Amino acid sequence: MHTKSHIVPKRLLLIVHHRPNRSPGQRFRIEQFLPRLEKAGYEVTFSNIISENDDRTFYSHGHYFGKLMFVIKSFFHRMKDVRRAKNFDLVFVYREAYMLGTTIFERKIAKSGVPMIFDFDDSIWLNDTSEGNQNLAWLKRTEKTNEICHYATLVSVGNQYLADYAKQFNDNIFILPTVINTNYHKPTEKKPHNGICIGWTGTQPTLKHYETAFPVLKRIKKKYGDKVYFKVIMNSKTWQSEIPDTKIVQWSAENEIEELCEFDIGIMPLPDDKWSRGKCGFKGLQCMALELPVVMSPVGVNKDIIDEGKNGFLADTEDEWVKKLSALIESEDLRREIGKNARQTVEERFSVTAWEDKVVETFDQTIKK
């Protein structure tokens, strides 16, 4: 970053789990704001603990010795972060500094007197462990979220449900919706394809949400036959769908937008439970930004995003899902109209452009506290 010599940069330490451009949550909660923060005089140091090699070990079944080595390595990495925290003007922690139950790192950073922003976009005080680590879930100690809220100067969350939780432990709350970079998420001309594509995108831990829609998708397939097919974009190609005519695509940053633009209809099914109520509507918003009509479960923030029948649809029961998907399958004009309104909603309320100045202002105010 180039700054004029008389401007003193504001030094920002990002404490995150993943390397840049690897984790959707991380990308959309902090990484996409970095160009604007750097323009505002921030000098950013990225501190992640999970490398590409660690990914394969950490999220797979078994590999207990490798996981132990990783946990030890990560502990020393975070101790280094604690020691250097005093050299920064602001520390940003996404979800947690360390994957086990301790809050020693956040506590020590707070004691150093450096302002700390704690950001989360899920109900992380509940235990939702990745499939490869289910039998290690007891190591997580989810009540640590309360403690980190207490240590933070500011708690940044993705919606009101998360804010209500955080307010129990900290009065200084910033609600930042998970927003979309509309310069990157731009609709492209569709490549010709046979049939109407109903699509879902997500990661392995969220597949269980997609699978709740299987009864609906089976009915749609039975009703429309070759007129419809399904597409899943995710971070694994080992998963197999029980729904016929499902195309499974490995997510990659290089062709993400092109792959999403094959969708004619995007879906975001969710169970109505405490974990899902903390979700920030990201999968739906991504599709909406690309002028795709969406059908979403009326859970949590989805109800705030969707203006029923104008910029998308909410569906609760199996019959509602079938009815609303059918309407979109049968009318290209309806898909186009809903899609255009959806894009406008994202631009006005859920875009980086709409929020980036507020993010800079909030970071600046936190440094002054």
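Structure first, text after, so check above.
Nothing here was measured: the structure is a model prediction, and the numbers come from that model.

Helices and strands together make up the secondary structure of the chain, namely 16 helices and 12 strands. Projected onto its principal axes, the C-alpha positions of the chain cover 60 × 50 × 35 Å. Within the chain, contacts between residues separated by at least 24 positions form 72% of all contacts whose residues are at least 6 apart in sequence. Accessible surface computed for the chain: about 16900 Å², of which carbon and sulfur atoms make up 51%. Averaging the locations of the 54 positively and 50 negatively charged side chains of the chain gives two centres separated by 5 Å.

Here we take up the sheet that holds strand 4 (residues 116-120). Spatially, 2-1-3-4-5-6 is the arrangement adopted by the six strands of the open sheet, whose pairing is parallel. In this open sheet, the two edge strands, each paired with only one partner strand, are strand 2 (42-50) and strand 6 (173-175). Pairs of neighbouring strands in the sheet enclose a mean axial angle of 20 degrees, with direction left out of account. Alignment of strand 1 (residues 10-18) against strand 3 (residues 90-94), held across four bridges, turns out to be parallel. Looking at strand 3, one finds that L13 is bridged to V91. Its contacts with the sheet place helix 6 (residues 144-151) against strand 4 and strand 5 (154-157), and it is angled at close to 145 degrees to strand 4.

Another aspect to go through is the pattern of salt bridges. Within the structure shown, the criterion is met by 27 salt bridges. Here R11 makes a salt bridge to D89, at a shortest N to O gap of 3.2 Å. Residue R11 is found in strand 1, and its partner D89 is found in the loop between helix 4 (64-84) and strand 3; the two are separated by 78 residues along the sequence. With a relative accessible area of 34%, R11 lands in the partly exposed category. Among the residues examined, D89 registers a relative accessible area of 22% and is labelled partly exposed. One network of salt bridges, with partners in common, ties together R95, D121, D122 and K279.

Once that is clear, we can look at helix 16 (residues 352-368). Over its 17 residues, helix 16 extends 24 Å from the first C-alpha to the last, a length consistent with the 24 Å expected when each residue adds 1.5 Å. Along helix 16, the residues classified as buried are V352, W355, V359, V360, T362, F363, D364 and T366.

Right, let's get into the nonpolar core. Core analysis: the biggest nonpolar cluster contains 33 residues, and V91, F118, F120, V155 and V157 have the highest contact counts within it. Once residues lying within four places of it in the same chain are set aside, the contact partners of F118 are V93, R95, E96, I124, T145, I148, C149, A152, L154, V155 and S156.

Glancing now at the packing of helix 9 (residues 214-224) against helix 14 (residues 318-330). Two elements in contact, helix 9 and helix 14, have axes whose closest approach is 10 Å; the angle formed by their N-to-C orientations is 45 degrees. The pairing of helix 9 with helix 14 is recorded here as oblique in orientation. In the crossing of helix 9 with helix 14, the sense of the turn from one axis to the other is right-handed. Of helix 14, the residues touching helix 9 (which contributes P215, V216, R219, I220, K223 and Y224) are E318, D319, W321, V322, L325, S326, I329 and E330. Among the residues forming the contact of helix 9 with helix 14, the class breakdown is eight nonpolar, one polar and five charged.

Now for the environment of G202. For G202, the position within the fold is in the loop between strand 7 (196-201) and helix 8 (207-211). For G202, a relative accessible area of 16% translates into the label buried. In this structure, G202 is in contact with I233, M234, N235 and K283, ignoring residues within four places of it in sequence.

It is worth spelling out the state of the cysteines at this point. Counting across every chain of the model gives zero disulfides. For the unlinked cysteine C149, the closest cysteine sulfur is that of C280, found at 14 Å. Its sulfur unpaired, C287 is 9.4 Å from the next cysteine sulfur, which belongs to C261.

Cut-offs and rules
Residues numbered from 1 in each chain as written. Predicted model: local features only at pLDDT ≥ 70, side-chain atom pairs only at ≥ 80, totals over all residues. Heavy atoms only, no water. Helix = DSSP H or I, 4+ residues; strand = E, 2+ residues; numbered from the N terminus. Contact = heavy atoms within 4.5 Å. Areas by Shrake-Rupley, 256 points an atom, 1.4 Å probe, with all protein chains shown as cover. Lys, Arg positive; Asp, Glu negative; His and termini not counted. Charge placed at Lys NZ, Arg CZ, Asp CG, Glu CD. Pairing = 2+ DSSP bridges. Axes fitted to C-alpha atoms, helices over the stretch in contact; angles between N-to-C directions. Salt bridge = Lys/Arg side-chain N within 4 Å of Asp/Glu carboxyl O. Buried < 20%, exposed > 50% of the residue type's maximum accessible area, 1.4 Å probe, protein only. Expected span 1.5 Å × (residues − 1). Core = buried A, V, L, I, M, F, W, Y, C linked by side-chain atoms within 4.5 Å. Parallel < 35°, antiparallel > 145°, perpendicular 65-115°, else oblique. Left-handed = near helix turned anticlockwise from the far one by under 90°. Nonpolar A, V, L, I, M, F, W, Y, C, P; charged D, E, K, R; others polar. Disulfide = S-S within 2.5 Å.

Any functional reading would require information beyond the geometric quantities listed.
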